[in-house]
Amino acid sequence: MTASLGKDGLTFRTQSATDEENTLQTESAESNNALVAPLKRKLQSRHLQMIAIGGIIGPGLLVGSGNALSKGGPAGCLISFGLVGIIVFFVMQSLGEMATAIPVSGSFTEYAERFVDDSLAFGLGWAYWYLWVTILANEYNAISLVIGFWTDAVPQWAWIIIFWFLFLGLSNLGVLAYGEMEFWLSLIKVLALIAFFILAICISTGGVGPHAIGFKYWHDPGAFADSINGVAKTFVVAGTLYAGTEMVGITAGESSDPQKAVPTAIRQVFWRILIFYIGTMFFIGILLPYNDKRLLGASSNAANSPLTIALQDAGILPAAHLINALIVISVISAGNSSLYVASRTLLFMARNRKAPRIIGRTNSAGVPWVALIFSNMFTCIVFLTLSSSAGKIYSALITLSGVATFIVWAFISLAHIRFRQAIAAQGDDPAKLPFRATLYPYGTYFALAANIFLIFFQGYTAFLNPFSVDDFVINYILLPVFVLFVVGYKIWNKTKIVKLEEMDIWTGRREVVDYGEGTKPKTWRSRVKNVIVG
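These numbers were taken from a predicted model, which means no experiment stands behind them.

Draft legend 1. Representation of the overall build of the protein. Along the backbone of the protein there are 19 helices and four strands. By residue count, 57% of the 534 residues in the protein fall in the buried class. Here the analysis covers contacts within the protein between residues at least 6 apart in sequence; of these, 80% occur between residues at least 24 apart. Counting every atom, the protein has about 21,600 Å² of accessible surface; 65% of that belongs to carbon and sulfur.

Structure, rendered in structure tokens:
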């Protein structure tokens, strides 16, 4: 017996034993082909939850938060991170609804193809891949500098090469090894941040350190570094640091039970944002003035981490080494996650003729090894940091990742709107979805509009007197490039916007089917059109 989704929900039809055997033989043959072999569904609920938590606690938060504080001030940071946090919440609600119903490793790139236009999936997939490649390059740079805090016996370029091979080796161990490692590394990061919050409260109240601080830095030098201009500058920083929350959508395709694991992880997003991001920005805004020169260092090492500075000022001498170790752990965790997401995005692109087909190969463990090597090769842009003349180019490439994040979030919201419209057009009932987005449609439309606004608003300071050509190019160059990718692919392949009535909204769905009272429920394995997951 097999199951299918009709207009009235889940329906059943009988299939002969011969047909079933032929189908399984076909699937087995496909699994043995490295170009179409499915990924392994081994991630458990605890893995997805910790990946969702750990994916947003990286070197950006531990070090980059100081950059945000210097640009926006304590109140400016809370405003920008709070607003972007609300946007992320609704984006994750949209993604969670689709990823729970249709858990495929192509995630929102595949949703864009099926629910909007194939050309949009092409542009979105490459933009998202670029986002994670640049983030990974920045993490190689960060860990080489952080290790250099302890010893300068090994040159920076050598540390980059060492960790380049280390990350590549770890990523080829398989998804279960990745999930298990990320679980424990994320747990360490969470516990360390909680410990910092407790120490921050003690320092602020005077229990630790020379004297009580309270909110004196909110009055002198003030709550805002540069009024509304400072808030605008921190939006792109917030976007870059929040990148990774949507990782749950990618990992859903390799989850053993997405209908249980994904909603659990999604529901926790709000509290993760509130506790870790808003909490971190709140406490460093209390403990440090935004005009502290130590926050403005050009290098991303432990000495520039606001957490380290605050603990050192309080007289906690081992602080630098503790925070340094925490940053090393966070970079290893974040680096593995970055390479994981970049490779899975590229795998989907290759298997759907949006990237060279050879990149879609997987090994016997279900690891897309070609996509991993290809993605890791492009992170070699990090060596630009070793040249003072090329450093500005590298900095610009990293800044663009924040804009790419807003573009990705905007089209996740658009894909969700089209998904719901198709459900209505094809006569299905959204109430039967295993997970439904909170406050739909208002939250989804808000997230779409807010992300479009931020794409343009985040760089408006380039237009202030005097006009900055460099800032204008850095903040907006990705937009015409993205449009060129989408339009070029559309013209070349003559793609069309998918009609709601013809939209493929259920391919890839995993459903548990009850075969009758007294019978153990069995899993219905959907016949996936584009074989991404098994």
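Draft legend 2. Layout of the pattern of salt bridges. Under the criterion given, the structure shown has six salt bridges. The residue K354 makes a salt bridge to D118 at a minimum N-O spacing of 2.7 Å. Here K354 is found in the loop between α14 (319–351) and α15 (369–378), whereas its partner D118 is found in helix α5 (residues 118–148), with 236 residues between them in sequence. Take K354 and D118: they sit in the same class, and that class is buried. Note that D226 and K233 form a salt bridge whose closest N and O atoms lie 4.0 Å from each other. The exposure class assigned to D226 is partly exposed, which follows from its relative accessible area of 32%. You can call K233 partly exposed: its relative accessible area is 32%. Overlapping salt bridges bring together E113, D118 and K354 as one network.

Draft legend 3. Looking closely at the side chain of T100. When you line up the elements, T100 lands in helix α3 (residues 59–101). Under the relative-accessibility criterion, T100 is labelled buried at 0%.

Draft legend 4. Region of interest: the packing of aromatic side chains. Enumeration over the complete set of coordinates arrives at 35 aromatic pairs. Relative to F446, the ring of F90 lies with its centre 6.0 Å away and its plane at 75°, an arrangement referred to as edge-to-face. Of this pair, F90 sits in helix α3 while F446 sits in helix α17 (residues 442–457), and the two are 356 residues apart along the sequence. A centroid spacing of 6.2 Å and a plane angle of 65° characterise the contact between F163 and F167, whose relative ring orientation is edge-to-face. Of this pair, F163 and F167 both sit in helix α6 (residues 156–171), separated by four residues, roughly a single helical turn.

Draft legend 5. Geometry of unusual backbone geometry. Cis geometry is adopted by the peptide bond preceding P221, which originates at D220 and carries an omega value of 15°. Tracing the backbone shows P221 in the loop between α8 (216–219) and α9 (227–242). Y440 connects to P441 through a cis peptide bond whose omega is 10°. Looking at where P441 falls in the secondary structure, it is placed in the loop between α16 (391–425) and α17.

Draft legend 6. Structural context of the nonpolar core. Core analysis: the largest hydrophobic core is formed by 141 residues, its most contacted members being F81, Y111, F115, Y242, L287 and W409. With 20 residues, the top contributor of residues to this core is α5. Filtering out sequence-adjacent residues up to four positions away, W409 remains in contact with V84, I87, V88, V91, G239, Y242, A243, T245, E246 and N451.

Draft legend 7. The arrangement of a nonpolar patch on the surface in detail. Residues F463, F467, V469, F472, V473, I477, V481, L484 and F485 make up a contiguous nonpolar surface patch of roughly 790 Å² in combined accessible area. Structurally, the position occupied by L484 is in helix α19 (residues 478–493). Residue L484 is classed as exposed on the basis of its relative accessible area, which comes to 61%.

Draft legend 8. Summary view of α5. Spanning 31 residues, α5 covers 46 Å between terminal C-alpha atoms, matching the ideal 45 Å at 1.5 Å per step. Most of α5 sits inside the fold, with 29 of its 31 residues counted as buried. Where α5 starts, the residue carrying a side-chain oxygen 2.8 Å from the main-chain nitrogen of S119 turns out to be D117.

Draft legend 9. Local environment of the environment of N493. You can see N493 is positioned in helix α19. Spatially, the C-alpha atoms of N493 and D118 are 9.1 Å apart, while their sequence positions differ by 375 residues.

Draft legend 10. Quick look at the packing of α5 against α6. At a minimum axis distance of 9 Å, the contact between α5 and α6 shows a crossing angle of 125°. Relative to α6, the element α5 is oriented oblique. With respect to the hand of their crossing, α5 and α6 are arranged in right-handed fashion. Residues L136, Y140, N141, I143, S144, L145 and I147 of α5 form the contact with α6, whose participating residues are Q156, W159, I160, F163, W164 and F167.

Draft legend 11. Geometry of the side chain of T379. As for its placement among the helices and strands, T379 is situated in the loop between α15 and α16. A relative accessible area of 0% places T379 in the buried class. At a separation of 3.5 Å, a polar atom in the side chain of T379 contacts the side chain of W164. Of the polar contacts made by the side chain of T379, one reaches the backbone oxygen of N376; its length is 2.5 Å. T379 has contacts with V133, L136, A137, Y140 and W164, leaving out every residue within four places of it along the chain.

Criteria and thresholds
Residues numbered from 1 in each chain as written. Predicted model: local features only at pLDDT ≥ 70, side-chain atom pairs only at ≥ 80, totals over all residues. Heavy atoms only, no water. Helix = DSSP H or I, 4+ residues; strand = E, 2+ residues; numbered from the N terminus. Buried < 20%, exposed > 50% of the residue type's maximum accessible area, 1.4 Å probe, protein only. Contact = heavy atoms within 4.5 Å. Areas by Shrake-Rupley, 256 points an atom, 1.4 Å probe, with all protein chains shown as cover. Salt bridge = Lys/Arg side-chain N within 4 Å of Asp/Glu carboxyl O. Phe/Tyr/Trp six-rings, centres within 6.5 Å; stacked < 30°, edge-to-face > 60°. Core = buried A, V, L, I, M, F, W, Y, C linked by side-chain atoms within 4.5 Å. Patch = residues over 30% accessible without salt bridge, like charges linked within 9 Å, V, L, I, M, F, W, Y side chains within 5 Å. Expected span 1.5 Å × (residues − 1). Polar contact = N/O pair within 3.5 Å; in protein donor to acceptor, adjacent residues only side chain to side chain. Axes fitted to C-alpha atoms, helices over the stretch in contact; angles between N-to-C directions. Parallel < 35°, antiparallel > 145°, perpendicular 65-115°, else oblique. Left-handed = near helix turned anticlockwise from the far one by under 90°.

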